[in-house]
Amino acid sequence: MEINHLVDKANFNDNPYLRDFGISIDNKMVSVTGRVLPPPRLQFGGRTQSSNDMKWVEPKKGQWDMRQKQFKVGVEIQSWAVVNFVQENACGDDQQRRFLWDMKKISSDAGMHFVNDPLFIQRATTLDQVEPIFVQMTRTHRQLQLIIVILPGKTPIYAEVKRVGDILVGIATQCVQLKNVLRPSAQTLSNLCLKINVKLGGINSIIVPQMRPSVFQHPVIFLGADVTHPPAGDDKKPSIAAVVGSMDAHPCRYASSVRVQKHRQEIIVDLGSMVRELLITFYQNTRFKPTRIIFYRDGVSEGQFQQVLQFELRQVREACMKLEENYQPGITFIVVQKRHHTRLFCANKEDQVGKSCNIPAGTTVDVGITHPMEFDFYLCSHAGIQVNHTL
């Protein structure tokens with residue numbers, strides 16, 4: 001194992017500085033007890049052939065597929081268009097037509113129907129054409145639901161498509177790389193349909209109602225918050241804070257709230273008004289006030305825990321009281337850390353999963369290597385496809 005080899009090569013115990021401090025390092029990894037949480041069953045649309053029961057699936061090794069399954073709620077796409085940024089000699093009309101036909105077939109099987117052919121298919125070449133094309137489309141076709149954009153590969157056009165689509169004209173966009181148009185696999189087309197259905201307000205799957213945890217017995221809202229900072233070396237651009245919140249009981253639908261704040265400021269200054277917005281939207285969608293708020297906060301280092309907790313938890317509580325003086329739902333504040341250096345391996349080879357020999361999806365460790373006083377745990381919630389998998 002590479003990590004063991006690197007430890008042996010470092011030869012820490014011969015380091016004179018460590019010896020002076022009386023520090024010695026065991027070359028063997030520490031052994032801890034973990035457990036694998038059972039996966040939730042997922043319910044899809046349609047019914048089984050043998051009975052009237054709704055279709056459900058239990059993920060295996062953190063994965064499942066959509067074969068012979070339909071979306072829980074599939075959308076109907078009446079009005080859509082295609083913009084192709086690939087030169088005609090690299091992606092001809094026949095190849096484009098074949099890709100769209102294959103995608104429509106896969107989507108129809110999944111319960112998401114393209115009712116009509118695209119309103120029009122337009123070719124373009126440069127980034128500066130994105131805005132005029134999209135603006136013209138939306139002015140001409142007021143009911144336009146979706147624009148599919150074919151790109152030659154990784155290109156700045158992608159960011160411009162999202163800027164114009166999401167911010168300027170408010171139309172859902174789905175980008176597809178040329179390689180996936182020329183050689184579309186059923187898996188790739190299915191993944192595209194999963195994205196499109198959710199973007200247009202559909203529901204792909206839900207947790208089987210009978211198996212939902214007890215927290216779902218009362219109205220609950222899930223919030224997720226993070227701050228994106230400018231790249232290293234940039235001392236002018238602002239940081240961007242975002243909060244998303246669940247908007248239904250499953251939860252499957254989400255709304256977002258975004259703010260611009262001071263350069264490299266980690267605390268979300270305007271969190272109170274952002275949470276208030278999302279609570280109001282939740283009530284408008286469900287006609288219920290959440291009795292519990294589960295708040296996931298990303299991007300906080302250990303040294304900032306108390307500072308962020310004291311400020312942001314108070315902001316969430318004040319947002320609730322501004323809506324109604326005696327409104328005090330329970331709040332669970334969870335800090336999520338991904339950039340750590342802990343690596344877990346299976347002690348027994350028979351427990352290893354996949355080509356990377358990783359730990360199983362759902363592996364949880366909450367003893368032995370956790371904080372002596374704070375409540376924390378390690379969770380690998382999905383299948384790991386790389387060897388040095390983080391939790």
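Quick note: structure is the one above.
This report concerns the structure included in the present document. These numbers were taken from a predicted model, which means no experiment stands behind them. (Residues numbered from 1 in each chain as written. Predicted model: local features only at pLDDT ≥ 70, side-chain atom pairs only at ≥ 80, totals over all residues. Heavy atoms only, no water.)

## Some words on the overall build of the protein
A tally of regular secondary structure across the protein gives 9 helices and 17 strands. With the C-alpha coordinates of the protein rotated into their principal frame, the extents come out at 75 × 60 × 55 Å. At a minimum sequence separation of 6, the contacts of the protein that also span at least 24 residues come to 67%. If you sum the accessible surface of the protein, you get close to 23900 Å²; carbon and sulfur atoms cover 52% of it. If you average the places of the 46 positive and of the 37 negative side-chain charges in the protein, the two averages end up 5 Å apart. (Helix = DSSP H or I, 4+ residues; strand = E, 2+ residues; numbered from the N terminus. Contact = heavy atoms within 4.5 Å. Areas by Shrake-Rupley, 256 points an atom, 1.4 Å probe, with all protein chains shown as cover. Lys, Arg positive; Asp, Glu negative; His and termini not counted. Charge placed at Lys NZ, Arg CZ, Asp CG, Glu CD.)

## Some remarks on the nonpolar core
Residues Ile77, Trp80, Phe99, Met103, Met112 and Leu146 are the most contacted members of the largest nonpolar core, which totals 28 residues. Elements with a minimum of two residues in this core: strand 2 (42–47), strand 5 (80–84), helix 3 (93–109), strand 8 (146–151), strand 9 (172–177), helix 6 (178–182) and helix 7 (186–199). By residue number, the principal contributor to this core is helix 7, which donates 4 residues. Sequence-distant contacts of Leu146, that is, excluding residues within four places in its chain, are made with Ile77, Ser79, Trp80, Ala81, Phe114, Ile171, Ala172, Thr173, Gln174, Ile196 and Leu200. Formed by 26 residues, the second largest nonpolar core is a distinct cluster that contains Val227, Ala255, Ile268 and Leu278. (Core = buried A, V, L, I, M, F, W, Y, C linked by side-chain atoms within 4.5 Å. Buried < 20%, exposed > 50% of the residue type's maximum accessible area, 1.4 Å probe, protein only.)

## Topic: the packing of aromatic side chains
Tallied over the entire structure, the rule returns 4 aromatic pairs. Between the NZ or CZ atom of Lys289 and the centre of the ring of Tyr327, over which it lies, the distance is 5.8 Å. (Phe/Tyr/Trp six-rings, centres within 6.5 Å; stacked < 30°, edge-to-face > 60°. Lys NZ or Arg CZ within 6 Å of the ring centre and 35° of its normal.)

## Quick notes on helix 7
Residue pairs three or four apart in sequence face the same way in an α-helix, which turns once every 3.6 residues. Spanning 14 residues, helix 7 covers 20 Å between terminal C-alpha atoms, matching the ideal 20 Å at 1.5 Å per step. Check the buried side of helix 7 and you find it contacts strand 4 (76–77), helix 3, strand 8 and strand 9. Following helix 7 by one or two positions, Gly201 adopts a phi angle in the positive range, close to 95°. (Expected span 1.5 Å × (residues − 1).)

## Focus on the sheet that holds strand 14 (residues 292–298)
Taken together, the 5 strands give an open sheet; going across it, the order is 13-12-11-14-15, and neighbouring strands pair in mixed fashion. Only two strands of the sheet have a single neighbouring strand rather than two, namely strand 13 (254–261) and strand 15 (330–336). In this sheet, neighbouring strand axes are inclined to one another by 15° on average, regardless of whether the strands run parallel or antiparallel. Pairing between strand 11 (residues 220–228) and strand 14: 6 bridges, direction parallel. Note that in strand 14 the partner of Phe222 across the bridge is Ile294. (Pairing = 2+ DSSP bridges. Axes fitted to C-alpha atoms, helices over the stretch in contact; angles between N-to-C directions.)

## Thoughts on unusual backbone geometry
Note the cis peptide between His250 and Pro251, where omega equals -15°. Relative to the helices and strands, Pro251 is located in the loop between strand 12 (239–246) and strand 13. Within the chain, Lys61 stands out as a residue other than glycine whose phi angle is a positive 55°. Turning to its location among the elements, Lys61 is positioned in the loop between strand 3 (54–57) and strand 4.

## Side note on the pairing of strand 9
The element strand 9 is extensively covered by neighbouring structure, given that 5 of its 6 residues are classed as buried. As paired strands, strand 8 and strand 9 are joined by 6 bridges and run parallel to one another. Within strand 9, the position partnered with Leu151 by the bridge is Gln177. In this fold, strand 8 hands off to helix 5 (residues 157–169), which returns the chain to strand 9; that crossover is right-handed. (Right-handed = clockwise from strand over helix to strand, strands pointing away.)

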